[in-house]
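# Survey of secondary and tertiary structure
One letter stands for each residue in the lines below.
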Amino acid sequence: KSLENHTIGSGFILLGFSDHSSLQGLCFTVFLVIYLVILLGNGLIVIITVVDPSLHSPMYFLLRHLSFLEICYASITLPKMLVAFLTEDGRISFLGCAAQLYFLVLVGSTESLLLTAMAYDRYTAICAPLHYTCIVSRGLCVGLVVGSWVAVIPVQVGQTYQVFTLPFCASHDVHHFFCDIPPLLELACADTFRNQVMLHIIIVLFAVLPFSLIVLSYTQVVREMRKMPSVLGRRKAFSTCSSHVLVVMLFYGSAMVVYFKQWPRGSADTDKYLALFYTVVTPIVNPFIYSLRNKEVRIALQRLLWR
């Protein structure tokens, strides 16, 4: 009990990228610019999909919420990282670490389900275009977004509670730039088998299963595209899916490698750099992917800027 009380009182130390001590100033500048670009880019996507009537379709309704989640994702990790670069102090309280972990896994799991909903939207638009407006209604979109949050909240509350009721009696140095489950479990001085099982069950539910549904959706989309007689039709169908596919590859690719890699843990640096992809790279490229590859978004953005 005293060990647990000691942990609660002293908290943890996020080592982050402290091994590059001579580059702290440069890292602060780079990540500050990245954070501002994430806020600006995704914020613009949210604004234009609200104010521009031409973007009031189900696809852009889901995109708006994806951009909101990207802002949340970056805001959970980057401000703390910037403070650590500026002060060279990575300390975080026990409750602060628990809150960061909870909101990170909450937003990450919700984004995974939202990406699945976006894949279903594209599947319906291409494979059942005549019934699209009847199937993918605004009510369904609202239900998918709300359902994504509701399905995740209780599960992640339980997982966070399970992690932070462990006795952390080893070093309090977390080899990461945010509080994540694998590096925290390494600090526990109790059997973490149940935690590992729970982690993998949740990964299957909120990562593997959604990703499988996305792959299934696009398998059907590709089959439908091959049946299209005109090259123009195939190009248009491809362009409406390509942006989403790129975001899915970035988000799931790095996250699954971190949590499902088969070699023994110990390569903390590898995990940190891979984590940058789904916590930093995906949020910053999301608005560029959707604005550069989507004509409607570009036109709406031009109208907003001219105003």
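Values in this document were obtained by computation on a predicted structure and should not be read as measured data.

## A short note on the state of the cysteines
Joining two cysteines, a disulfide is a covalent bond between their sulfur atoms. On inspection of all chains with the given rule, the structure shows one disulfide. Looking at the unpaired Cys134, the closest cysteine sulfur is the one in Cys141, lying at 13 Å. With relative accessibility at 1%, the residue Cys141 sits in the buried group.

## A few points about the sheet that holds strand E2 (residues 91–92)
Pairing in this open sheet of three strands is mixed, and the strands run E2-E1-E3 from one edge to the other. Among the strands making up the open sheet, the edge pair consists of E2 and strand E3 (173–174). Taken together, the two bridges between strand E1 (residues 12–14) and E2 define a ladder with antiparallel strand orientation. Bridging across to E2, Ile13 finds its partner in Arg91.

## Topic: the nonpolar core
Counting 56 residues, the largest nonpolar core has Phe31, Leu78 and Leu115 as its most contacted members. Contributions of two or more residues to this core are made by helix H2 (24–51), helix H3 (58–87), helix H4 (94–127), helix H6 (138–164), helix H8 (193–227), helix H9 (231–260), helix H10 (268–292) and helix H11 (295–306). The element that contributes the greatest number of residues to this core is H3, accounting for 14 residues. Listed in part, the 22 residues of the second largest apolar core include Ile92, Leu101, Val174 and Leu185.

## A word on the packing of aromatic side chains
All told, the structure shown has 16 aromatic pairs when counted by the stated rule. With 6.5 Å between their ring centres and 75° between their planes, Phe12 and Phe164 make a pair best called edge-to-face. A residue pair is termed long-range when its members are at least 10 positions apart, and Phe12 in strand E1 and Phe164 in helix H6 qualify at 152 residues. Among the aromatic residues, ring-to-ring pairing joins Phe17, Phe31, Phe85, Phe177, Phe178 and Tyr273 into one connected group. Taking NZ or CZ as reference, Lys272 lies 5.4 Å from the ring centre of Phe17, over its face.

## As for the packing of H2 against H3
It is the contact of H2 with H3, at a shortest axis distance of 9 Å, that shows an interaxial angle of 160°. The orientation of H2 relative to H3 falls into the category roughly antiparallel. Where H2 crosses over H3, the two elements pack in a sense that is left-handed. Its residues assigned to classes, the contact of H2 with H3 shows 22 nonpolar, six polar and two charged.

## A short note on the UniProt feature "transmembrane region" (unreviewed entry) in the protein
UniProt annotation of "transmembrane region" (unreviewed entry) refers to residues 23–51, 63–86, 92–114, 135–157, 197–216, 237–260 and 272–292 when read in the numbering used here. Overall, residues 92–114 shows 91% helix and 4% strand. The separation of its end C-alpha atoms is 30 Å. For residues 197–216, helix accounts for 100% and strand for 0%, while the C-alpha atoms at its two ends are 26 Å apart.

## A look at the confidence of the model for the protein
Of the residues in the protein, 92% have a pLDDT of 70 or more, and the chain-wide mean is 86. Taken as a whole, residues 1–8 scores under 50 in pLDDT and shows 11 contacts with residues more than four places along the chain or in a different chain.

## A word on the packing of H3 against H4
Think of two packed helices as two axes; the pair is described by the angle between the axes and how far apart they sit. Direction vectors running N to C along H3 and H4 enclose 160°, while the axes themselves pass 10 Å from each other. Our classification of the angle between H3 and H4 gives roughly antiparallel. Along this stretch, H3 crosses H4, giving a crossing that reads as left-handed. A class-by-class count of the residues in the contact of H3 with H4 yields 16 nonpolar, five polar and five charged.

## Brief notes about a nonpolar patch on the surface
A contiguous nonpolar patch, built from Phe193, Val197, Ile201, Leu205, Leu209, Leu213 and Leu216 and spanning about 640 Å² of accessible area, is present on the exposed surface. When its relative accessible area of 34% is taken as the criterion, Val197 is described as partly exposed.

## A word on the pattern of salt bridges
Evaluation of the coordinates by the stated rule reveals three salt bridges. Across the pair Asp52 and Arg303 runs a salt bridge whose closest N-O atoms are separated by 2.9 Å. One end of the pair, Asp52, is in the loop between H2 and H3; the other, Arg303, is in helix H11, with 251 residues separating them in the sequence. Overall, Arg303 belongs to the partly exposed group, its relative accessible area being 35%. Among the salt bridges present, the one from Arg122 reaches Asp121, with a minimum N-O distance of 2.8 Å. By relative accessible area, Asp121 is classed as buried at 3%.

Cut-offs used in this document
Residues numbered from 1 in each chain as written. Predicted model: local features only at pLDDT ≥ 70, side-chain atom pairs only at ≥ 80, totals over all residues. Heavy atoms only, no water. Disulfide = S-S within 2.5 Å. Buried < 20%, exposed > 50% of the residue type's maximum accessible area, 1.4 Å probe, protein only. Pairing = 2+ DSSP bridges. Helix = DSSP H or I, 4+ residues; strand = E, 2+ residues; numbered from the N terminus. Core = buried A, V, L, I, M, F, W, Y, C linked by side-chain atoms within 4.5 Å. Phe/Tyr/Trp six-rings, centres within 6.5 Å; stacked < 30°, edge-to-face > 60°. Lys NZ or Arg CZ within 6 Å of the ring centre and 35° of its normal. Axes fitted to C-alpha atoms, helices over the stretch in contact; angles between N-to-C directions. Parallel < 35°, antiparallel > 145°, perpendicular 65-115°, else oblique. Left-handed = near helix turned anticlockwise from the far one by under 90°. Nonpolar A, V, L, I, M, F, W, Y, C, P; charged D, E, K, R; others polar. UniProt positions renumbered as here; feature names shortened; annotations may be inferred. pLDDT = per-residue confidence, 0-100. Contact = heavy atoms within 4.5 Å. Patch = residues over 30% accessible without salt bridge, like charges linked within 9 Å, V, L, I, M, F, W, Y side chains within 5 Å. Areas by Shrake-Rupley, 256 points an atom, 1.4 Å probe, with all protein chains shown as cover. Salt bridge = Lys/Arg side-chain N within 4 Å of Asp/Glu carboxyl O.

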